[in-house]
Amino acid sequence: MAVCIAVIAKENYPLYIRSVPSQNELKFHYTVHTSLDVVEEKVSAVGKSLADQRELYLGLLYPTEDYKVYGYVTNSKVKFVIVVDSSNTSLRDNEIRSMFRKLHNSFTDVMCNPFYNPGDPILSKAFNGIVSGMMVQTS
C-alpha cells in the first residue's frame, strides 16, 4: 500500500498531500516535488510520439533506496503521485493502476461538487476516506 499520495494541480502546486508516517512528511513533500520533473518529461515524450493519448498512467517515475514513485496525469493535466515502500514487492503494476483509477474517480467526484472551487485544497471527507483506504495501516 501507499505511504504517500499527492494530487498536484495543473500549475504544479499541491491540492492534496497525505503521508502515513507524519514525521517524514517534509521528506515526502520533497519526493513528490522532485517527481514533477519526471512527470513533465514523460508527458512531453508522449506528446511527441504517436502513442495512445488516452493512456494516463505514467508508470514508475523513479525508484529510490526506500521508495518507488508512480505517476498519473489526467486529461486536465492534474497529476497524481503515489509513493510506495520499496520493500513491498507484492504490489503489482495493475494494482497501482487500479489505485490511480480509484483516486481519479474520487477526484472527479470532488470536482463535480458544486461547492468546491477548482484550485482550492481538497478538504473532502469522502476523498480523504478513499485515500485512507489506500494508505499503509500503521499500528
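Under an unreviewed UniProt entry, the name given to the protein is Trafficking protein particle complex subunit 2-like protein, and the organism recorded is Fundulus heteroclitus. According to the UniProt record, the Subcellular location (unreviewed entry) comment for the protein reads "Cytoplasm, Perinuclear region".

Participant: Let's hear about the overall build of the protein: which residues, and what values?
Facilitator: A tally of helices and strands in the protein yields three helices and five strands. Traced from its N-terminal end to its C-terminal end, the protein shows the element sequence β-β-α-β-β-β-α-α. Computed over the C-alpha atoms, the radius of gyration of the protein is 14 Å, within 12% of the 14 Å expected from 2.2 N^0.38 for a compact globule of 139 residues. Across its three principal axes, the protein shows a C-alpha extent of roughly 45 × 40 × 25 Å. When the 139 residues of the protein are sorted by exposure, 39% land in the buried category. Taking as baseline every contact in the protein between residues at least 6 positions apart, the subset at least 24 positions apart corresponds to 54%. Surface summary for the protein: the accessible area is close to 8,200 Å², and the carbon and sulfur share equals 53%. Between the centroid of the 14 positive side chains of the protein and the centroid of its 14 negative side chains there is a distance of 5 Å.

Participant: Any chance you could break down the nonpolar core for me, citing the residues and the numbers?
Facilitator: Counting 28 residues, the largest nonpolar core has Val 7, Ile 122 and Phe 127 as its most contacted members. Elements that contribute at least two residues to this core include exactly β1 (2-8), β2 (14-19), β4 (67-73), β5 (79-85), α2 (93-112) and α3 (125-134). With six residues, the single largest contributor to this core is α2. Excluding its chain neighbours within four sequence positions, the residues that come into contact with Ile 122 are Val 7, Leu 15, Tyr 16, Phe 107, Val 110, Tyr 116 and Phe 127. Counting 16 residues, the second-largest nonpolar core is a separate cluster that includes Ala 6, Leu 61, Val 69 and Val 83.

Participant: Pulling in residues and values, what's your account of α2?
Facilitator: Over its 20 residues, α2 runs 29 Å from end to end, which matches the ideal 28 Å to within 8%, given 1.5 Å per residue. Where α2 is concerned, the buried positions are Ile 96, Met 99, Phe 100, Leu 103, His 104, Ser 106, Phe 107 and Val 110. Contacts from the buried residues of α2 go to β1, β2, β3 (57-63), β4, β5 and α3.

Participant: Explain the environment of Lys 102 to me, using residue names and the numbers behind them.
Facilitator: Secondary-structure assignment places Lys 102 in helix α2. Residues Lys 102 and Met 134, 32 residues apart in the sequence, show an inter-C-alpha distance of 9.4 Å. With near-sequence residues (within four places) excluded, Lys 102 lies in contact with Ile 130 and Met 134.

Here is what the cut-offs are and how they apply
Residues numbered from 1 in each chain as written. Predicted model: local features only at pLDDT ≥ 70, side-chain atom pairs only at ≥ 80, totals over all residues. Heavy atoms only, no water. UniProt positions renumbered as here; feature names shortened; annotations may be inferred. Helix = DSSP H or I, 4+ residues; strand = E, 2+ residues; numbered from the N terminus. Rg over C-alpha atoms; globule rule 2.2 N^0.38 Å. Buried < 20%, exposed > 50% of the residue type's maximum accessible area, 1.4 Å probe, protein only. Contact = heavy atoms within 4.5 Å. Areas by Shrake-Rupley, 256 points an atom, 1.4 Å probe, with all protein chains shown as cover. Lys, Arg positive; Asp, Glu negative; His and termini not counted. Charge placed at Lys NZ, Arg CZ, Asp CG, Glu CD. Core = buried A, V, L, I, M, F, W, Y, C linked by side-chain atoms within 4.5 Å. Expected span 1.5 Å × (residues − 1).

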